[in-house]
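# Observations on the three-dimensional arrangement
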Amino acid sequence: MGAKTALLAFADGDLRAALRGAATTRRAEAQEAVRRVHPGYRVEFDAETTLDDTNPSDDVTNVAVLPGAEIFCDRRFVLDRPSELPEHLLALGAGRRIVMHGMHSVVDWLCFAVWEDGRLIRSLSLSPDSGIMENIGEPYAFELSYWAGEHPVEPWLDEDDEPYPLPFHPLELGEEALRALFGFVLEGYPEPDDLEAESVPMCGFRVTDPTGAEQAAREAMYAHIKASMGPPRLFRMGPDGRMHEVGIEEL
């Protein structure tokens, strides 16, 4: 699975219904919406896009302004602990439903959260390396079979590998959460009622901190992550159909 999402939405009711009636977003209206979620930032139009661009580049915000809903794609809006959503975003969602969804396939990370009129109803964030970082509220119906152990992760490397540290793969649950909360999926088999994400037009904007502080902090974080990474591990499928680690000299 290679899906990545960075979604935050504000809706008056069922977000899925609003997305099904999506029409072209007026650029001026979209730009004003971006200014509200990024107060004080420089906002410049970048390109027309669609909702299937769920994880845009750094400093880019995609937005669709619909009757009864606004949906944003921006990496800055998904958090390891969704309960820490900034106060100005909670204020923008006053009296409405706020929905967050984030996935990153490189680290098998998932988060999703729902607020109703400012009150956090459900928040989940987990990955195999960090474990369960946040688990607030009662699980939704689409989660129950995963917590019940009905979707275990089968080992795919050599027999000495440790069992997967979670009872399910976060990205598999992430696709179910995406369907239940937003009405579409990125990978796997679509269902007849699923929305086609590419049918929802969005406006993309380059949104930058005019002080440069945010960009500098991000570059420092990337440099730290790169420095802390070990050497790459290489795998090849063996005659038994399983993946086995190999050395560079064996390639």
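Since the structure is predicted, the reported quantities are computational estimates derived from the model, not experimental observations.

### Let's talk about the overall build of the protein
If you tally the helices and strands in the protein, you get six helices and 11 strands. The buried share of the protein, taken over its 251 residues, is 43%. Of all intrachain contacts in the protein linking residues separated by at least 6 positions in sequence, the fraction that spans at least 24 positions is 63%. Taken as a whole, the protein presents about 13200 Å² of accessible surface, with 52% of it coming from carbon and sulfur.

### Brief notes about the pattern of salt bridges
Under the criterion given, the structure shown has 13 salt bridges. For the salt bridge of R76 with D74, the shortest nitrogen-to-oxygen distance reads 3.0 Å. For R179, the salt bridge is made with E176, and the minimal N-O distance between the two is 3.6 Å. With R179 and E176 both in helix α5 (residues 170-182) and three residues apart, the pair spans about one turn of that helix. Through salt bridges with shared partners, a single network forms among E176, R179, E191 and D194.

### Brief notes about the environment of R26
As for its position among the elements, R26 is in the loop between α1 (15-20) and α2 (27-37). The sequence separation of R26 and M202 amounts to 176 residues, and the corresponding C-alpha distance is 9.2 Å.

### Some words on the packing of aromatic side chains
For the coordinates displayed, the defined rule picks out eight aromatic pairs. Relative to F77, the ring of F72 lies with its centre 6.2 Å away and its plane at 85 degrees, an arrangement referred to as edge-to-face. With a relative accessible area of 2%, F72 lands in the buried category. Seen from their ring centres, Y146 and F168 are 5.7 Å apart, and the 80 degrees between their planes marks the pair as edge-to-face.

### Quick word on the nonpolar core
With 35 residues, the main nonpolar core has L19, L51, I71 and F182 as its most contacted residues. Contributing elements (two or more residues each) for this core: β1 (4-11), α1, β3 (60-66), β4 (69-73), β5 (97-104), β6 (109-116), β7 (119-127) and α5. Per element, the largest residue contribution to this core is six residues, and it comes from α5. Ranked by size, the runner-up nonpolar core spans 26 residues in total, among them F10, V63, V65 and I98.

### Details of the sheet that holds β1
In spatial order, the strands read β2-β9-β3-β4-β1-β5-β6-β7-β8; together these nine strands make up an open sheet with antiparallel pairing. Each of the sheet's edge strands pairs with one partner strand only, and the pair in question is β2 (42-50) and β8 (131-136). When the angles between neighbouring strand axes are averaged without regard to direction, this sheet yields 15 degrees. Where β3 and β4 come together, five bridges link them in antiparallel fashion. Paired with V65 across the bridge in β4 is E70. Docked against the sheet, α5 engages β1, β4, β5, β6 and β7, running at close to 150 degrees with respect to β5.

### Looking at the environment of T208
Tracing the sequence through the fold places T208 in strand β9 (residues 201-208). Residue class for T208 comes out buried when judged on its relative accessible area of 12%. It is 8.1 Å that separates the C-alpha atoms of T208 and V60, two residues lying 148 residues apart in sequence. Once you skip the residues sitting within four places of it in the chain, T208 turns out to touch Y41, R42, D59 and Q215.

About the criteria used
- Residues numbered from 1 in each chain as written.
- Predicted model: local features only at pLDDT ≥ 70, side-chain atom pairs only at ≥ 80, totals over all residues.
- Heavy atoms only, no water.
- Helix = DSSP H or I, 4+ residues; strand = E, 2+ residues; numbered from the N terminus.
- Buried < 20%, exposed > 50% of the residue type's maximum accessible area, 1.4 Å probe, protein only.
- Contact = heavy atoms within 4.5 Å.
- Areas by Shrake-Rupley, 256 points an atom, 1.4 Å probe, with all protein chains shown as cover.
- Salt bridge = Lys/Arg side-chain N within 4 Å of Asp/Glu carboxyl O.
- Phe/Tyr/Trp six-rings, centres within 6.5 Å; stacked < 30°, edge-to-face > 60°.
- Core = buried A, V, L, I, M, F, W, Y, C linked by side-chain atoms within 4.5 Å.
- Pairing = 2+ DSSP bridges.
- Axes fitted to C-alpha atoms, helices over the stretch in contact; angles between N-to-C directions.

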